[in-house]
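Survey of secondary and tertiary structure
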Amino acid sequence: MAHIGHEVVGVDVDDEKIEMLARGDAPFFEPRLKELLQSGIESGKLRFTTDISEARGSVVHFVGVGTPQRADGYAADLTYVDAAFEALLPHLSPGDVVAGKSTVPVGTASRLEPAVSATGATLVWNPEFLREGWAVQDTIDPDRLVVGVPPGASGERAADVLRDVYHPPVATGTPFLVTDYATAELVKVAANAFLATKISFINAMAEIAEATGADVTQLADAIGHDVRIGRRFLGAGIGFGGGCLPKDIRAFAARAEELGRGESVAFLREIDAINMRRRDRAVDLVVAALGGSVFKKNVTVLGAAFKPHSDDVRDSPALDVAVRLRGLGAWVTVTDPEAIANAERLHPQLHFVAERDEALRGADATIVVTEWDEYRRELSPQHASSLVATPIIVDGRNCLDASAWRAAGWTYYGMGRP
Ligand code: UGA
């Protein structure tokens, strides 16, 4: 927002994060974010505070706090959303626009609307579609903008305010869709549910491929040429993780049940189950490759982040596979270009090594679980075989050139590939 010329104040309750941000340091790894933070601060257009009263006077108030999975079930935990609104309400002025960005169960905006309206401000819901690792690009150049507004003149005016706020992408033709609250809330969860379904669909095909000797990567290429299907998000492997897809499909199913429409999205439970089975499959492949037991075997795990270009390890399938192998008695060494600090905080029982080659030294088996370029493109099978004890590789992301690894003497196992 500062980059496109707005005056911005960022507010959070976490002193440590605010201090870091105020110094121009990002509290997590995200390509290009640090440069943008620093240029925003230098320009004087961006500042940070823990004092919510500094929100007073802003024309638009974005609320983008987290909605994690509840500890006691599958539904979303709205504690942070409710707390943020409660803190913001006393500082709103008539005519202000409050734009909810958090991923929330459908019905949340309608529930929050009366309290916002009572201040004379207008509530809109403006879901966020950015991908971690591409967050800056997706924010500056989004593929669509969706704004859920209340009926009537205040809603129309609020939509105009947001159109103005997002003027650069709007000017270059980014679709700007104005809907009601429920539709905007649903667009977000429906998009993530669709993406999760696509991944689990291809992983289900991987399971069938495993039973028949077919190659799921060729299958994905072939069906992906049909533009109605498309090749993206048909990457079979150890499945999806992170802070969004897993909890969003669970929260969506839980909300649908509350609405008496559980059956409509009952398939999401199956999507989740297929996804979790892929982690078992990856572990089973390592166990089988090592002759039926990993006990006291050295296993090197390449990757900890839930996806490349991120240091996020929330619900990371990569880290889950590492933990399961450790649980079976393997000596597990985990490496990752960015996520080691976060992974170590969560799983201090694992052995972490920052340097890839050092992590590979002496491995009885190696598994790639996050498709960083460091493993996918920059690791040659010849070089890797000079480091490991036994050239066994499990490609948990189907990201390696199987024939090149086999030609270099490796025993290669893919996910849903012969
Ligand atoms: C996801 C959505 O893609 C964003 O549009 C959305 O804004 C975001 O959630 C959110 O709700 O905030 P993100 O969690 O960053 O973004 O990650 P994705 O790129 O969707 O990947 C999710 C997981 O699926 C990763 O673990 C990835 O490795 C896995 N994946 C992805 C596959 O297993 N196969 C694929 O073909 C693609």
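Let us look at the structure shown here. Source: prediction; values computed, not measured.

Bringing the overall build of the protein into the picture now. Helices and strands together make up the secondary structure of the protein, namely 17 helices and 13 strands. A globule of 418 residues ought to have a C-alpha radius of gyration of about 22 Å, and the protein, at 23 Å, matches this closely. Principal axes of the C-alpha set define a box for the protein whose edges measure 70 × 50 × 45 Å. In the protein, buried positions account for 49% of the 418 residues.

This paragraph deals with the sheet that holds strand β13 (residues 411-413). Sheets are built from strands that pair by backbone hydrogen bonding, the pairs being arranged parallel or antiparallel. A sheet is described by the order of its strands in space; here 6 strands give the open sequence β10-β9-β8-β11-β12-β13, paired in parallel fashion. Of all strands in the sheet, those bounded by a partner on one side alone are β10 (351-352) and β13. Looking at chain direction, strand β12 (residues 392-395) and β13 are connected through 3 bridges and run parallel. Of the residues in β13, the one forming a bridge with valine 394 is tyrosine 413. Packing against the sheet, helix α12 (residues 317-327) makes contact with β8 (298-302), β9 (331-335), β10 and β11 (365-368), and its axis sits at approximately 160° to β9.

The immediate surroundings of the ligand are formed by 21 residues, with Leu130, Glu132, Lys188, Asn192 and Gly235 found nearest. Here lysine 188 contributes a side-chain N or O atom positioned 2.7 Å from an oxygen atom of the ligand. Among the elements that line the shell around the ligand, the one with the most residues is helix α8 (residues 181-212), at 4 residues. Here the residues of the shell around the ligand sort into 10 nonpolar, 4 polar and 7 charged.

Once that is clear, we can look at the pattern of salt bridges. Counted according to the given criterion, the structure contains 30 salt bridges. For arginine 324, the salt bridge identified is with aspartate 280, shortest N-O distance 2.2 Å. With a gap of 44 residues between them, arginine 324 in helix α12 and aspartate 280 in helix α11 (residues 267-289) connect regions that are remote in the sequence. Looking at arginine 324, the relative accessible area reads 26%, which means it is partly exposed. Here arginine 356 makes a salt bridge to aspartate 357, at a shortest N to O gap of 3.0 Å. When sorted by exposure, arginine 356 lands in the same class as aspartate 357, which is buried.

Let us look at the nonpolar core. In summary, soluble globular proteins display a tendency toward joint burial of nonpolar side chains. Judged by nonpolar contacts, the single largest core of 50 residues is most densely connected at Val286, Val301, Leu325 and Ile367. Those elements that place two or more of their residues in this core are α11, β8, α12, β9, α13 (340-346), β11, β12 and α17 (402-407). Among the elements that make up this core, the one with the highest residue count is α11 (6 residues). With near-sequence residues (within four places) excluded, valine 301 lies in contact with Ala318, Ala322, Leu325, Val332, Thr333, Val334, Thr335, Ile367 and Val369. In terms of nonpolar packing, the next biggest core, distinct from the first, is built from 20 residues, Val63, Val104, Ala121 and Leu123 among them.

Quick look at the packing of aromatic side chains now. On inspection of all chains with the given rule, the structure shows 3 aromatic pairs. Ring centres 6.2 Å apart and planes at 15° place the aromatic pair phenylalanine 85 and tryptophan 125 in the stacked group. Highlighted residues: phenylalanine 85 in helix α3 (residues 79-88) and tryptophan 125 in strand β5 (residues 122-125), separated in sequence by 40 residues. Phenylalanine 85 sits in the buried class, given a relative accessible area of 4%.

Before going further, it helps to examine the packing of α8 against α11. Contact geometry of α8 with α11 gives a least axis separation of 9 Å together with a crossing angle of 50°. Regarding the angle of α8 to α11, the classification is oblique. Seen along the crossing, α8 lies across α11 with a hand that is left-handed. Of the residues in α11, those in contact with Ala193, Ala196, Thr197, Ser200, Asn203, Ala204, Ala206, Glu207 and Glu210 of α8 are Phe267, Leu268, Ile271, Ile274, Asn275, Arg277, Arg278 and Arg281.

Okay, the pairing of strand β4 (residues 97-100) next. Neither face of β4 is exposed, since Val97 and Ala99 on one face and Val98 and Gly100 on the opposite face are all buried. With 4 bridges connecting them, strand β3 (residues 60-63) and β4 associate as parallel partners. Note that in β4 the partner of phenylalanine 62 across the bridge is alanine 99. In terms of handedness, the path from β3 via α3 over to β4 forms a crossover that is right-handed. Where the polypeptide runs from β4 across helix α4 (residues 108-117) and back to β5, its parallel neighbour, the crossover connection is right-handed.

Let us look at α4. The set of residues buried in α4 consists of Thr108, Ala109, Leu112 and Val116. Taken around the axis of α4, the buried residues stretch over an arc of 75°, which confines them to a single face. Where α4 is buried, its residues contact α3, β4, β5 and α8.

On to helix α1 (residues 15-22). Between the side-chain oxygen of the N-cap and the backbone nitrogen of glutamate 16 there are 3.0 Å, and the N-cap of α1 in question is aspartate 14. Of the residues trailing α1, glycine 24 is marked for its positive phi of about 90°.

Rules used in this analysis
Residues numbered from 1 in each chain as written. Predicted model: local features only at pLDDT ≥ 70, side-chain atom pairs only at ≥ 80, totals over all residues. Heavy atoms only, no water. Helix = DSSP H or I, 4+ residues; strand = E, 2+ residues; numbered from the N terminus. Rg over C-alpha atoms; globule rule 2.2 N^0.38 Å. Buried < 20%, exposed > 50% of the residue type's maximum accessible area, 1.4 Å probe, protein only. Pairing = 2+ DSSP bridges. Contact = heavy atoms within 4.5 Å. Axes fitted to C-alpha atoms, helices over the stretch in contact; angles between N-to-C directions. Near = heavy atom within 4 Å. Polar contact = N/O pair within 3.5 Å; in protein donor to acceptor, adjacent residues only side chain to side chain. Nonpolar A, V, L, I, M, F, W, Y, C, P; charged D, E, K, R; others polar. Salt bridge = Lys/Arg side-chain N within 4 Å of Asp/Glu carboxyl O. Core = buried A, V, L, I, M, F, W, Y, C linked by side-chain atoms within 4.5 Å. Phe/Tyr/Trp six-rings, centres within 6.5 Å; stacked < 30°, edge-to-face > 60°. Parallel < 35°, antiparallel > 145°, perpendicular 65-115°, else oblique. Left-handed = near helix turned anticlockwise from the far one by under 90°. Right-handed = clockwise from strand over helix to strand, strands pointing away. Arc of directions from axis to C-beta.

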